[in-house]
Structure formats: structure tokens, C-alpha cells
Amino acid sequence: MSNITISEARVTLGSLLRKPYEVLQVKVYAGLAARGFGDIRPAHSSVFRYIRPEGSRVSDLAELADMTKQSMAYLAGNLADLGYVTIAPDPTDARAKLVILTVRGRQVWDALVELSFDLEGQCAARIGAEKMAQLRAILGELAAAIAD
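If you're wondering where the values come from, they're calculated on a predicted model, not measured in any experiment. (Residues numbered from 1 in each chain as written. Predicted model: local features only at pLDDT ≥ 70, side-chain atom pairs only at ≥ 80, totals over all residues. Heavy atoms only, no water.)

### Some remarks on the overall build of the protein
The cut-off we apply is this: By definition, any uninterrupted DSSP run of H or I lasting at least four residues is a helix, any uninterrupted run of E lasting at least two residues is a strand, and each is numbered from the N terminus. Think of it in three bands: residues with accessible area under 20% of the maximum for their type are buried, residues over 50% are exposed, and the middle band is partly exposed, with areas taken using a 1.4 Å probe on protein chains only. In what follows, residue pairs with any heavy atoms lying within 4.5 Å of each other are defined as contacts. Values of accessible area rely on a 1.4 Å probe in the Shrake-Rupley scheme; residue burial ignores everything except the protein chains shown. Under this rule, positive means Lys or Arg and negative means Asp or Glu; His and the chain ends count for nothing. Just so you know, the charge point we use is NZ for Lys, CZ for Arg, CG for Asp and CD for Glu.
Scanning the protein from terminus to terminus reveals seven helices and three strands. Listing every helix and strand of the protein by position from the N terminus yields α-α-α-β-α-α-β-β-α-α. Seen through its principal axes, the protein has C-alpha atoms that stretch 50 × 40 × 35 Å. Counting every position in the protein, which comprises 148 residues, the buried fraction comes to 29%. Sequence-distant contacts in the protein: of pairs separated by 6 or more residues, those separated by 24 or more amount to 51%. Carbon and sulfur atoms provide 60% of the accessible area of the protein, an area that totals close to 9800 Å². Across the protein, 17 positive and 17 negative side-chain charges occur, with their mean positions spaced 4 Å apart.

In C-alpha cells:
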């Protein structure tokens with residue numbers, strides 16, 4: 001039996017975008033572990049990817065991550081237990097909870113961005129800086145085109 005998925009066999013756009021992302025994700029989270037953040041899991045990316053610098057409501061994070069509020073509350077609670085975020089009542093809406101990065105959470109956030117750019121640099125070294133710049137431009141155009 002083959003390990004190739006239907007989308008990989010047909011070389012869909014989704015598979016072409018997904019494969020590099022999956023490899024980058026594995027490398028980024030290995031890099032986080034090497035920096036002392038081994039308790040951060042890829043599932044936590046739903047929080048780190050969408051949280052605003054001043055903090056975000058659980059409901060807003062859930063909507064952006066396309067997941068239930070309960071699932072996002074679980075992830076945020078887990079990160080709070082680990083000391084990466086605090087969860088407090090939203091001062092503008094007593095019904096809402098605000099997720100705010102702690103100092104350690106900001107260190108993870110910064111490390112995620114730094115590791116991503118480092119890996120991008122490694123990719124540029126392999127395929128060439130010009131091709132990487134073209135890829136970034138094309139992906140930006142693609143993102144704009146499919147958003148319409």
C-alpha cells in the first residue's frame with residue numbers, strides 16, 4: 001500500500017502548499033524545544049499565530065483559527081497552566097475572556113518568528129535568494145487572489 005495521499009498523487013495546489021509547511025512546522029517546533037520550549041506543541045500555534053500583542057479574546061482566536069470556543073479555551077488554558085499566557089476578564093466585556101502573553105509567552109512568540117525567518121533563509125540558500133523573493137511575491141499575489 002502506498003503512503004501517497006490522493007492530493008499528493010494528483011499534485012493539488014493544497015498538497016504543494018502543505019508539504020513545505022509541514023516540514024517547516026516540524027523544524028520550527030524542534031527549534032523551540034532546543035531553546036527550552038519543549039512543552040509547546042503544534043496545536044498551540046492556533047493561539048500564537050492569531051494572538052494580538054495586547055492580547056485577544058478567546059472567541060476571536062477561535063474564529064480566526066476556525067475552531068470552537070471550547071477548543072480554543074482548552075488550548076489557552078493549557079498555555080496558562082504552562083505559564084505562557086494569562087487569562088483575564090476582558091475589561092470591555094465582562095462576558096469575554098482575554099488571553100494575554102506572559103513574558104515567557106512573548107519569548108516563544110519571538111522565537112517562532114525568528115525560527116521561521118531562519119528556515120526561510122536556509123531555503124533561500126538552497127534555491128537562491130531571487131527564487132525565494134519570487135516565491136514570496138507569488139504567494140502574496142495568490143493569497144490576495146484567492147481572498148476575492
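Additional details are given in the paragraphs that follow.
### So, the nonpolar core
What counts here: To define a nonpolar core, start from buried Ala, Val, Leu, Ile, Met, Phe, Trp, Tyr and Cys residues and group those joined through side-chain atoms within 4.5 Å.
Leu-32, Ile-40, Phe-48 and Val-108 are the most contacted members of the largest nonpolar core, which has 26 residues in total. Of all elements in the fold, only helix H2 (13-34), helix H3 (45-50), helix H4 (58-65), helix H5 (69-81), strand E3 (93-101) and helix H6 (103-127) reach the threshold of two or more residues within this core. When near neighbours in sequence (up to four residues on either side) are disregarded, Ile-40 contacts Tyr-29, Leu-32, Phe-48, Leu-79, Tyr-84 and Val-108.

### Quick look at the side chain of Ser-15
Residue placement: Ser-15 occurs in helix H2. According to the relative accessible area criterion, Ser-15 is buried, its value standing at 5%. Beyond its immediate sequence surroundings of up to four residues, Ser-15 is in contact with Ser-7, Glu-8 and Pro-20.

### So, the pattern of salt bridges
Formally: The term salt bridge refers to a side-chain nitrogen of Lys or Arg lying within 4 Å of a carboxyl oxygen of Asp or Glu.
The full count for this structure, using the stated rule, is seven salt bridges. Across the pair Arg-52 and Glu-54 runs a salt bridge whose closest N-O atoms are separated by 2.7 Å. The exposure class of Arg-52 is partly exposed, given its relative accessible area of 37%. Here Asp-93 makes a salt bridge to Arg-95, at a shortest N to O gap of 3.1 Å. Beyond isolated ion pairs, a larger network of salt bridges with shared partners links Arg-35, Glu-114 and Asp-118.

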